[in-house]
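Next come the chains, spelled out residue by residue.
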Amino acid sequence: MSRRWPSLQQPLRRVDFWQPNSLALICQNATVDVHVKRNDTLDLHARLKQQHLDYRVFISNLQKEIEKQTGHRSSRKRRSESQYDYEVYHSLEEIQGWMSEMNRTNSHLVDMFSIGKSYEGRPLYVLQIGKRSRHRKKAVWIDCGVHAREWIGPAFCQWFVKEAINSYQHDSVMRRLLNQLNFYIMPVFNVDGYHFSWTTVNPAGNVSFSHIASLPDRFWRKTRSKNHRFHCRGVDANRNWKVKWCEEGASSHPCDDTYCGPYAESEPEVKAVAKFLRKHKKRVKSYISIHAYAQMLLYPYSYKYAAIPNFNCVESAAQNAVTALYSAYGVRYRYGPASTTLYVSSGSSIDWAYRNGIPYAFAFELRDTGFFGFLLPESLINPTCTETLRAVKAIASGLLKKCETDRDRFPYI
């Protein structure tokens with residue numbers, strides 16, 4: 001459901017905010033996407049009419065749409081990589097099985113390893129993609145699935161690996177990238193949350209709010225760590241990084257979807273990735289995080305309205321990326337600093353990566369702009385991943401060229 005929301009005199013407690021993801025981020029004359037349970041729709045309609053607010057129902061039966069993406073799961077399990085279906089969404093178990101198979105069958109280009117364990121003890125697997133070399137190669141980090149409900153993210157990470165391996169022999173651009181760069185791919189960053197979003201679908205299309213910790217939820221966003229003072233679970237893994245932690249755009253309340261956590265890097269998933277990137281920061285030249293939805297390509301800063309020192313280089317890379325993306329199907333993406341293009345948020349991964357010496361830090365917000373929201377149909381996986389792959393290849397290709405910037409001003413925050 002989407003509506004023009006010029007003012008909000010009363011918080012709507014029974015509303016699950018999709019875009020923006022917090023009541024605090026709503027500004028005047030903004031479009032707001034929300035998700036409400038069936039029993040509350042009549043009351044919400046009445047309130048909106050009373051306030052003379054325009055609205056439109058995009059999805060009238062969420063349960064039906066959810067079942068389209070989670071039904072017939074047994075038929076999706078594949079015994080070999082050659083039969084794996086990249087145009088459906090996969091559970092965590094299926095994705096990790098696929099990672100093992102890719103590692104086993106493509107040892108010349110793929111290396112699989114774990115960088116730690118999640119709060120619930122699940123391994124945090126990463127695939128290194130690239131031709132083996134004695135030389136220290138530049139690297140690109142790509143993570144997907146930071147927010148559990150954004151299923152198109154892990155689908156893209158799998159798509160990228162598949163295309164990189166399958167096109168290595170005949171695509172000169174991809175061959176050059178894999179020969180000269182290493183790609184670290186983390187298909188599911190928030191493994192506990194992603195698993196939780198698959199476990200059970202709520203009956204009757206009802207909303208499971210984040211403060212009802214016992215109910216599994218397709219629209220779960222956060223990690224699954226426990227809070228001993230509240231019954232709420234989880235931390236926003238994109239508000240938990242050690243950079244302007246828990247300031248504007250993050251919440252200190254454990255029941256909010258943008259909860260920053262009890263302290264920076266409190267989440268083992270965030271801590272493990274931060275540790276890995278610190279260890280390899282001399283080689284990692286680009287950090288890319290895949291999110292949904294909004295059709296945007298964002299770069300630092302997230303936490304303030306200011307231009308980064310190497311703005312011209314990053315802006316040029318972003319422009320090349322969205323141009324390459326557009327060339328596939330004519331889909332337009334906005335691009336710019338996260339703070340001005342989307343909203344201000346502190347403790348984000350792109351700001352952290354930038355501060356720690358990774359000069360090209362990007363966050364993609366993939367399709368769409370609200371019609372399907374987090375329930376992007378499986379029929380759109382192929383075009384969404386195809387166009388995004390072009391953008392990522394453009395960013396990676398740019399790393400092989402020089403862009404003049406003031407190196408003396410590093411680190412940038």
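Here's what I pulled together on the structure shown here. Counting restarts for each chain: residues are numbered from 1 in the order of the written sequence. Whole-chain, interface and lining totals are the exception, using all residues; otherwise, since this is a predicted model, local features are given only for residues with pLDDT of at least 70 and side-chain atom pairs are given and counted only at 80 or more. Heavy atoms throughout the structure, all of them, feed into the side-chain values; hydrogens and water do not.

It is worth spelling out the pairing of strand 12 (residues 360-366) at this point. Of all seven residues that make up strand 12, seven are buried, and the element is covered over most of its length. Only protein chains enter the accessibility calculation, which uses a 1.4 Å probe; a residue whose area is less than 20% of its type maximum is buried, one above 50% is exposed, and one in between is partly exposed. Numbering goes from the N terminus for both helices and strands, where a helix is a DSSP run of H or I of at least four residues and a strand is a run of E of at least two. Here strand 12 shows two buried faces, one formed by Tyr 360, Phe 362, Phe 364 and Leu 366 and the other by Ala 361, Ala 363 and Glu 365. When DSSP locates at least two bridges between a pair of strands, those strands are taken to pair. Looking at chain direction, strand 9 (residues 284-292) and strand 12 are connected through seven bridges and run parallel. For Ser 286, the partnering residue across the bridge sits in strand 12 and is Tyr 360.

A separate point is unusual backbone geometry. For the bond from Pro 300 to Tyr 301, the omega torsion is 5°, close enough to zero to count as cis. In this structure, Asp 368 follows Arg 367 across a cis peptide bond, with omega equal to 0°. Relative to the elements of secondary structure, Asp 368 occurs in the loop between strand 12 and helix 11 (381-399). Unlike most non-glycine residues, Cys 246 shows phi in positive territory, near 60°. Considering the arrangement of structural elements, one finds Cys 246 in the loop between helix 6 (191-199) and helix 7 (268-279). Judged by its relative accessible area of 22%, Cys 246 is partly exposed. A positive phi angle is found at Glu 265, which is not glycine, with a value near 60°. By the element assignment, Glu 265 lies in the loop between helix 6 and helix 7.

Let's shift gears to a positive patch on the surface. Note that patches include only residues with greater than 30% relative accessible area and no salt bridge, and the join distances are 9 Å for like charges and 5 Å for nonpolar side chains (Val, Leu, Ile, Met, Phe, Trp, Tyr). Here, Shrake-Rupley sampling with a 1.4 Å probe gives the accessible areas, and only protein chains in the shown set may cover a residue. The salt bridge definition used is simple: a Lys or Arg side-chain nitrogen within 4 Å of an Asp or Glu carboxyl oxygen. His residues and chain termini do not enter the charge count, which takes Lys and Arg as positive and Asp and Glu as negative. To locate a charge, take atom NZ for lysine, CZ for arginine, CG for aspartate or CD for glutamate. A cluster of basic side chains, namely Lys 242, Lys 271, Lys 275 and Lys 279, defines a positive patch on the protein surface. For Lys 279, the location among the structural elements is in helix 7.

To continue, consider the sheet that holds strand 11 (residues 334-337). Strand order in the open sheet formed by eight strands is 5-6-8-7-9-12-10-11, with mixed pairing between adjacent strands. Looking along the sheet, the strands with just one partner apiece sit at the ends: strand 5 (110-117) and strand 11. Neighbouring strand axes in the sheet, compared pairwise and without regard to direction, differ in orientation by 20° on average. Two strands pair when backbone bridges link them, and strand 7 (residues 138-144) and strand 9 are joined in this way by six bridges, in the parallel orientation. Within the sheet, the bridge partner assigned to Cys 144 lies in strand 9 and is Ile 290. Contact definition: two residues touch when any of their heavy atoms are within 4.5 Å. The axes used here are C-alpha line fits, helices contributing only the stretch in contact, and every angle between their N-to-C directions lies in the interval 0 to 180 degrees. Across the sheet, helix 3 (residues 92-105) is in contact with strand 5 and strand 6 (123-129); its angle to strand 5 comes to roughly 140°. Contacting strand 7, strand 8 (181-186), strand 9 and strand 12, helix 11 crosses the sheet at an angle of about 170° to strand 12.

Compared with an ideal rise of 1.5 Å per residue, which puts twelve residues at 16 Å, helix 7 spans 16 Å between its outermost C-alpha atoms and is within 8% of the ideal. Within helix 7 the residues assigned to the buried category are Glu 269, Val 270, Ala 272, Val 273, Ala 274, Phe 276 and Leu 277. Here a helix's expected span is defined as the number of its residues, less one, multiplied by 1.5 Å.

Our focus in this paragraph is the state of the cysteines. Two cysteines joined by a covalent bond between their sulfur atoms form a disulfide. We call a pair of cysteine sulfur atoms a disulfide when they lie within 2.5 Å. Per the stated rule, a full pass over the model turns up four disulfides. Linked covalently through their sulfurs, Cys 232 and Cys 255 form a disulfide whose S-S length is 1.8 Å. Where Cys 232 bonds to Cys 255 through sulfur, the torsion about that S-S bond is close to 60°, and the disulfide is right-handed. Here Cys 255 lies in the loop between helix 6 and helix 7 and Cys 232 lies in the loop between helix 6 and helix 7, a separation of 23 residues in the sequence. Classification of Cys 255 by relative accessible area gives buried; the value is 17%.

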